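Okay, here's what each chain looks like letter by letter:
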Amino acid sequence: MTKIICLELNEVPNEIMIEIIRDIDMKKYRYDFDYLPTISLDNNQLHPWVTWSSFHRGVSHSEHGISDINQECSSQDEKYPTIMSELSKNGYRVGVFGSMHSGRVSITDFDKYEFFVPEAFSSHFNCKPKSLTGFQKLNLYMSKSSARVVSKELPKIKFIFEAFVSYVNHIYKFRSLFCVIKQLFSEVFSPWKKSRRRIVQSDILFDIYMNLLYKHKPDYSNFFTNHLASSMHRFWEAKFPHHYEKQISSKKWINKYKNEINIAMNSARYYLKGLMNFVDNNDDTQLWIVSSMGQSPVQNYRKSQNYWQIVDMNAFISSLLEEKIEVKQLTQMIPIYGIEANEFLINLIEEKLKKVKSNIDIKISSKTNTTLAFIFNKAGFKNNKEVPYFENLSSGRKTTIQGIKKVKIDENTGSSAYHVPEGIFYRYGDKLNNLDHLLRDDGFLPITCFKDLALQIM
């Protein structure tokens, strides 16, 4: 039997992956990398919560229909189970760490896995083992407080202490602890470097994953990281100014942020080397490095100095419906927001959103009987005194939008790079089988083939 470690490098294109591997001294390792380009067939649904569903479930969006984070997907779980749940059902020992949509897995199902650490969009902090609960609380707090802009505030001492206890109980190496100290020290002299906290957060998570990997040695496990994708969206022009027909940023801005992607790549390189060492010492294991899609530069992209964020969902929905309403807010990736409520209220909110206009962009993203996701996107008005409002189309009455605040974007960034269907599949290990028969006529490997591939070789 072949065991698989799947490193899910979210949105990493081959251009970035080549640089990561280039600086690894391959003479220190037993094997060479095998590479195939991948492609997402999700057409106009190129979002990580869609493409990773296609990767994990073996069917594209036109069949699985998962369009948003924290979308209710019990019917999809039954009809198109993920690689992880299918392998677990078949008796394989499986470990899950942070994979997209893992936050929707029932806590009662955790016992089916060797270890289970839900994604950063999870609505709860439960983990297996329970000793990781303290760190997951901090992980979720940091993710929520640094959604579009990294918060400069530090978590409560209680959170930090509980997380530290979790970390000490799952030590792989002390590298991430030193990274935390280095990061906090650097922020004293250069506060603008606080955006690198996302990278340090991923470093800590990876060290915990490695501890679990060595302890349990599962048949299949995966580790998801978004730290590179986040840096590429914001700083692609800083690293690759020559990719743009018209330079958007000043030379001063480019010089300031030109190393941000490189620093994120250094962490990814550390992950690779740690996993390669594991494979070198375990002949029955293959390392898969996968991205469900990639990124490429966006010409003439727009920068923003601030944006409007929903900070009180109940106040926001109440101002929309013009009556006091309570809903449950689901964790989402800004500028998308998600709520959960009963079917009547979800339908009411949907209808109201269709019947109002606003000076802020609002668009429904997805809907189920009990969940609704919508895009709320405005990077600040040209006139800073302009107030966000809802306008009733029938009466013309305007209502000031409540529960929102204007947030400053310190880095003055925009989406300088965005999603493209082309991704990567690298393999490292012994006895890699030929996959040419799975390639399309254009030479790409569809991401929907990975579920069957994993089931076949294990």
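Heads up: the structure comes first, above all this text.
First, a word on scope: everything that follows refers to the structure included in this document. Each chain has its residues counted from 1, following the order in which its sequence is written. In keeping with the model being predicted, local features are shown solely for residues with a pLDDT of at least 70 and side-chain atom pairs are shown and tallied solely at 80 or more, while totals for entire chains, interfaces and linings include all residues. The basis for the side-chain values is all heavy atoms of the structure; hydrogens and waters are excluded.

## Let's talk about the sheet that holds strand β15 (residues 398-400)
To summarise the sheet geometry, strands pair through backbone hydrogen bonds and adopt either a parallel or an antiparallel arrangement. Put simply, the rule reads: Think of it this way: DSSP has to see at least two bridges between two strands before they count as a pair. Numbering of helices and strands starts at the N terminus; helices are DSSP runs of H or I of at least 4 residues and strands are runs of E of at least 2. Angles shown run from 0 to 180 degrees and are taken between the N-to-C directions of axes, each axis being a line fitted to C-alpha atoms and, for helices, limited to the stretch in contact.
Strand order across the open sheet formed by 3 strands is β11-β14-β15, with antiparallel pairing between neighbours. For this open sheet the edge positions go to β11 (356-358) and β15, each flanked by a neighbour on one side alone. On average, each strand axis in the sheet is tilted by 30° relative to the strand beside it, whichever way the strands run. Of the strand pairs in this sheet, β11 and strand β14 (residues 389-392) are connected by 3 bridges, and their pairing is antiparallel.

## So, the environment of Lys217
The line we're drawing: In what follows, residue pairs with any heavy atoms lying within 4.5 Å of each other are defined as contacts.
Looking at the element boundaries, Lys217 is found in the loop between α9 (197-216) and β5 (220-225). Spatially, the C-alpha atom of Lys217 lies 25 Å from that of Ile424, the residues being 207 residues apart in sequence. For Lys217, the residues in contact, after removing those within four places along its chain, are Lys3, Arg93, Leu212, Phe278 and Asn282.

## Observations regarding the state of the cysteines
To keep it simple, the criterion reads: Here, a disulfide means two cysteine sulfur atoms that sit within 2.5 Å of each other. Summary of the burial criterion: residues with accessible area below 20% of their type's maximum are buried, those above 50% are exposed, and those between are partly exposed, where the area comes from a 1.4 Å probe applied to protein chains only.
This model, assessed by the stated rule, comprises 0 disulfides. There is no disulfide at Cys73, and the cysteine sulfur nearest it, in Cys127, is 19 Å away. Taking the relative accessible area as the measure of exposure, Cys73 reaches 3% and is therefore buried. Take Cys449: it sits in no disulfide, and the sulfur closest to it among the cysteines is that of Cys6, at 12 Å. Judged by relative accessible area, Cys449 falls into the buried class, the value being 13%.

## A look at the sheet that holds strand β4 (residues 115-117)
Spatial strand order, β4-β3-β5-β1-β6-β18-β2-β19: 8 strands in an open sheet with mixed pairing. Looking at strand neighbours, the two that pair on one side only are β4 and β19 (445-446), the edges of this open sheet. Sheet topology note: the strand β1 (residues 3-9)/strand β6 (residues 285-291) ladder contains 6 bridges and is parallel. Bridged to Leu7 within β6 is Ile289. Against the sheet, helix α1 (residues 14-22) touches β1, β2 (33-39), β6 and β18 (422-428), its axis set at about 30° to β18.

## Considerations on helix α15 (residues 450-457)
Operational definition: By arc we mean the arc of the directions from the helix axis to the C-beta atoms, nothing more.
Taken as a whole, α15 has its buried residues at Phe450, Lys451, Leu453, Ala454 and Ile457. Each buried residue of α15 sits inside an arc of 165° when the element is viewed along its axis, so together they form one side.

## As for unusual backbone geometry
Among all residues save glycine, negative phi is the norm, and among peptide bonds the norm is trans. Cis geometry is adopted by the peptide bond preceding Pro129, which originates at Lys128 and carries an omega value of 5°. Inspection of the secondary structure puts Pro129 in the loop between β4 and α6 (133-145). The phi dihedral of Asn70 is positive, around 60°, even though this residue is not glycine. Inspection of the secondary structure assignment puts Asn70 in the loop between α3 (61-64) and α4 (74-79). Positive phi, close to 75°, is recorded for His101, a residue that is not glycine. Summarising the element assignment, His101 is placed in the loop between β3 (94-97) and β4.

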